[in-house]
Amino acid sequence: MLRGAVRISGAKNHALAAMCAALLTDEDVILTNVPEISDTETLGDLLRSLGAVVERQPGGRMRLNAAGVNVFEAPTELITENRASFQIMGPLLARHGYAASAPPGGDVIGQRPIDVHLSGFEAMGAIVSRQNERFVAETPRNGRLKGARVFMDYPSVSGTQNVMMAAVAATGHTTIVNAATEPEVQELAHMLNAMGAMISGIGSQMIEVTGVNSLRGATARIMPDRIEAGTFAIAAAMTGGQVEIQDAPVPVLDALINKLRLAGARIEAGEGCLLVAGGNDLRAVSFQALPYPGLATDLHAPMAALLTQASGVSIIHERVFDNRMLYVGELRKMGAEIVSTGSSAIVSGPTRLHGAHVRALDVRAGASVLLAALVAQGPTVIDDVYHLDRGYERLDEKLRALGAGIERA
Ligand code: EPU
């Protein structure tokens, strides 16, 4: 049972995009509330390798300055560390007329193509080619990108961010049709506007961008991480505990709050604060993992852990990624009654889980087994926790402060 209060850190997927946005100006960009997770460290190393200054300052502050950027190719060993790294392409291409990178890395949660990013650049006049293992994008005669109507075949989150960052420094007007509406995309757009960009339609599926000649520095606060907040809410609900989740981005958690209430959790939502208390009798609920404002795919695996403790049969459909089911085998090792077919899972509960030796197979699959371990009988050993460190700041410490018996070996 978890009890107490936890403060949510800055959002990984907002911080990573905001760090790439610093490439759009020669002036200082100051980010606050930047989470100390390995993904922000790796991206910092990547930006430094291009010639940018990336300085971590106390209290979650980060200063970035891209005036000295003179390398336009991402080193492969850094780009393959995480998916967001590919978002250096839009800003580099727009400002310098050239950018090259290997395909990005990240979790093995599906095919994760980048066609949406590349066709967006092409629509704005870039010539994109594949040279050995790298994608190269360049503007004709190193000129500027030209505003265009860009249709996204899928409302990709990082694709929208990448194309939007390219469009702000292009000439003329760009319309991004079928844009992603995720809060991290919206926050990036607001930050770009603070840097002098002209973006409207923020939060809609149709983003309008009027290109500007140059962008200036700005200060931006990284929004709290909705996935971390959601993970703690699920943990509180499934352990029958009571947790005050401070600095929670409540307005963007509707889908999760709704499902947790249907499952029997008691939730009081205040401004920037969620009070979550687990019900004694959790009930099965079915859900689909969807683009925002649907229930986030990043909360699919943690929710599945909760549903092992709910009575009845829950059906989960994953509608964003084609390989989000890695956690299923690990939960089964702990005694869960869960089967998956394709991108769906059926969970029967409640089951008495038992401790086991399991692996964190990706960041959210890792969160799923960790939550299951909180209610399992006996100790659980989780290998490959570096995946958790990619996306959750001091997760072990935060859980320990709420009363969980957890140590890092
Ligand atoms: N897709 C395409 N073509 C593309 C790009 C994506 O078909 O060019 C498809 C993908 O195959 C996938 C779907 O679109 O099926 C969603 O991918 P998207 O591009 O939206 O995801 P992403 O930008 O790679 C971000 C987050 C993920 C989060 C997803 C969905 C970052 C760095 N990552 O990924 O976060 O799950 O959006 O919300 O912003 C995580 O934090 O653990 C994580 C994986």
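Residues numbered from 1 in each chain as written. Predicted model: local features only at pLDDT ≥ 70, side-chain atom pairs only at ≥ 80, totals over all residues. Heavy atoms only, no water.

Visitor: Report on the nonpolar core, specifying residues and quantitative values.
Guide: Grouped together as the largest cluster of nonpolar side chains are 76 residues, with contacts concentrated most on Leu31, Leu47, Leu64, Ile88, Met164, Leu192 and Ile199. Once residues lying within four places of it in the same chain are set aside, the contact partners of Leu64 are Met19, Ala22, Glu27, Asp28, Val29, Leu31, Leu47, Val53 and Val54. Counting 69 residues, the second largest nonpolar core, distinct from the first, contains Ala233, Phe287, Leu295 and Val347. (Core = buried A, V, L, I, M, F, W, Y, C linked by side-chain atoms within 4.5 Å. Buried < 20%, exposed > 50% of the residue type's maximum accessible area, 1.4 Å probe, protein only. Contact = heavy atoms within 4.5 Å.)

Visitor: For the sheet that holds strand β3 (residues 53–57), give the residues involved together with the corresponding values.
Guide: Sheet architecture is open: four strands sit in the order β3-β4-β2-β12, paired in mixed fashion. Two strands lie at the open edges of the sheet, namely β3 and β12 (218–221), each paired on one side alone. Taken over all neighbouring pairs, the strand axes of this sheet differ in orientation by 15 degrees on average, direction set aside. In this structure, β3 lies alongside strand β4 (residues 61–65), joined through five bridges in antiparallel fashion. Bridge pairing links Val54 to Leu64 in β4. (Pairing = 2+ DSSP bridges. Helix = DSSP H or I, 4+ residues; strand = E, 2+ residues; numbered from the N terminus. Axes fitted to C-alpha atoms, helices over the stretch in contact; angles between N-to-C directions.)

Visitor: Let's hear about empty space enclosed by the protein: which residues, and what values?
Guide: Per the counting criterion, the structure on display carries four cavities of 30 Å³ or more. In this model, the largest cavity occupies a volume close to 70 Å³. Lining of the largest cavity is provided by Arg226, Val252, Leu253, Asp254, Ala255, Leu256, Tyr292, Pro293, Gly294, Leu295, Ala296 and Leu299. Looking at which element gives the most residues to the lining of the largest cavity, the answer is helix α9 (residues 254–262), with three residues. (1 Å grid on protein atoms, 1.4 Å probe; cavity = no way out; pocket = protein on both sides within 12 Å on 5 of 7 lines; lining within 4 Å. Points joined across faces, edges and corners; volume = space filled by probe spheres on them.)

Visitor: Pulling in residues and values, what's your account of the layout of surface pockets?
Guide: Volume-wise, the second largest pocket comes out at about 560 Å³. Along the walls of the second largest pocket sit 20 residues, with Leu370, Thr380, Ile382, Ile406 and Glu407 positioned nearest its centre. Its residues assigned to classes, the lining of the second largest pocket comprises 13 nonpolar, three polar and four charged. (Nonpolar A, V, L, I, M, F, W, Y, C, P; charged D, E, K, R; others polar.)

Visitor: I'd like to hear about the site of the ligand, residue by residue, with values.
Guide: Around the ligand, 23 residues are found, and the nearest of them are Ser156, Ser158, Asp298, Val320 and Arg364. Taking Val116, its main chain carries an N or O atom lying 2.8 Å from an oxygen atom of the ligand. Separating an oxygen atom of the ligand from a side-chain N or O atom of Asp298 is a distance of 2.7 Å. In the complex, 91% of the free accessible area of the ligand, which totals 820 Å², lies under the protein chains. When residues of the shell around the ligand are traced back to their parent elements, those giving at least two are α1 (12–21), α5 (115–123), α6 (157–168) and α12 (363–375). Ranked by the residues each element gives to the shell around the ligand, the list is headed by α5, at three residues. Its residues placed into classes, the shell around the ligand shows 10 nonpolar, five polar and eight charged. (Near = heavy atom within 4 Å. Polar contact = N/O pair within 3.5 Å; in protein donor to acceptor, adjacent residues only side chain to side chain. Areas by Shrake-Rupley, 256 points an atom, 1.4 Å probe, with all protein chains shown as cover.)

Visitor: Report on the environment of Val54, specifying residues and quantitative values.
Guide: With respect to the secondary-structure elements, Val54 resides in strand β3. Using a relative accessible area of 7% as the deciding quantity, one classes Val54 as buried. Each C-alpha atom, one on Val54 and one on Ile245, is 30 Å from the other, the two residues being 191 residues apart in sequence. If we skip the residues at most four places from it in the chain, Val54 touches Gly44, Leu47, Arg48, Met62, Arg63 and Leu64.

Visitor: How would you sum up the environment of Gly335? Please name residues and give values.
Guide: With respect to the element layout, Gly335 can be found in the loop between α11 (326–333) and β18 (337–341). Among the residues examined, Gly335 registers a relative accessible area of 25% and is labelled partly exposed. Spatially, the C-alpha atoms of Gly335 and Gly355 are 8.6 Å apart, while their sequence positions differ by 20 residues. Setting aside its immediate chain neighbours within four residues, Gly335 contacts Thr351, Leu353 and His354.

Visitor: Mind laying out the domain arrangement of the chain, listing which residues take part and the relevant values?
Guide: Splitting the chain by domain gives domain 1 (8–216) and domain 2 (226–401). Taken together, the contact between domain 1 and domain 2 spans 25 residues of the former and 30 residues of the latter. Linking domain 1 with domain 2 are two salt bridges, by the criterion used here. Notably, a salt bridge pairs Asp39 with Arg390, separated by 2.9 Å at the nearest N-O pair. The interface formed by domain 1 and domain 2 contains 11 residue pairs in polar contact (both at pLDDT 80 or more). (Domains from an automatic or database assignment. Salt bridge = Lys/Arg side-chain N within 4 Å of Asp/Glu carboxyl O.)

Visitor: Describe the pairing of β18, and please don't skip the residues or the numbers.
Guide: Two strands pair when backbone bridges link them, and β18 and strand β19 (residues 344–349) are joined in this way by five bridges, in the antiparallel orientation. Each residue of the ladder has a partner; that of Thr341, found in β19, is Ser344. Linking β18 to β19, which pair antiparallel, is a turn of two residues; within it Gly342 sits at a positive phi near 55 degrees.

Visitor: Before we move on, could you go through α12 and cite the residues and values that matter?
Guide: Side chains three or four residues apart in an α-helix point the same way, a direct result of the helix having 3.6 residues per turn. α12 sits mainly inside the fold: 10 of its 13 residues count as buried. Those residues of α12 not exposed but buried are Val363, Arg364, Ala365, Gly366, Ala367, Ser368, Val369, Leu370, Leu371 and Ala372. The N-capping residue of α12, defined by a side-chain oxygen 2.9 Å from the backbone nitrogen of Arg364, is Asp362.

Visitor: Outline unusual backbone geometry, listing residues and values.
Guide: Residue Pro293 follows Tyr292 across a cis peptide bond; omega there is 10 degrees. As for its position among the elements, Pro293 is in the loop between β16 (287–289) and α10 (300–307). Across the junction of Gly349 and Pro350, the peptide omega takes the value 0 degrees, indicating a cis bond. Relative to the elements of secondary structure, Pro350 occurs in the loop between β19 and β20 (357–359). The phi angle at Asp384 is positive, at roughly 60 degrees, despite the residue not being glycine. Following the sequence through the fold, Asp384 ends up in the loop between β21 (381–383) and α13 (386–391). Residue classification places Asp384 among the partly exposed positions, given a relative accessible area of 27%. We note that Arg394 has phi near 45 degrees; this positive angle belongs to a residue other than glycine. Note on placement: Arg394 falls in the loop between α13 and α14 (395–401).

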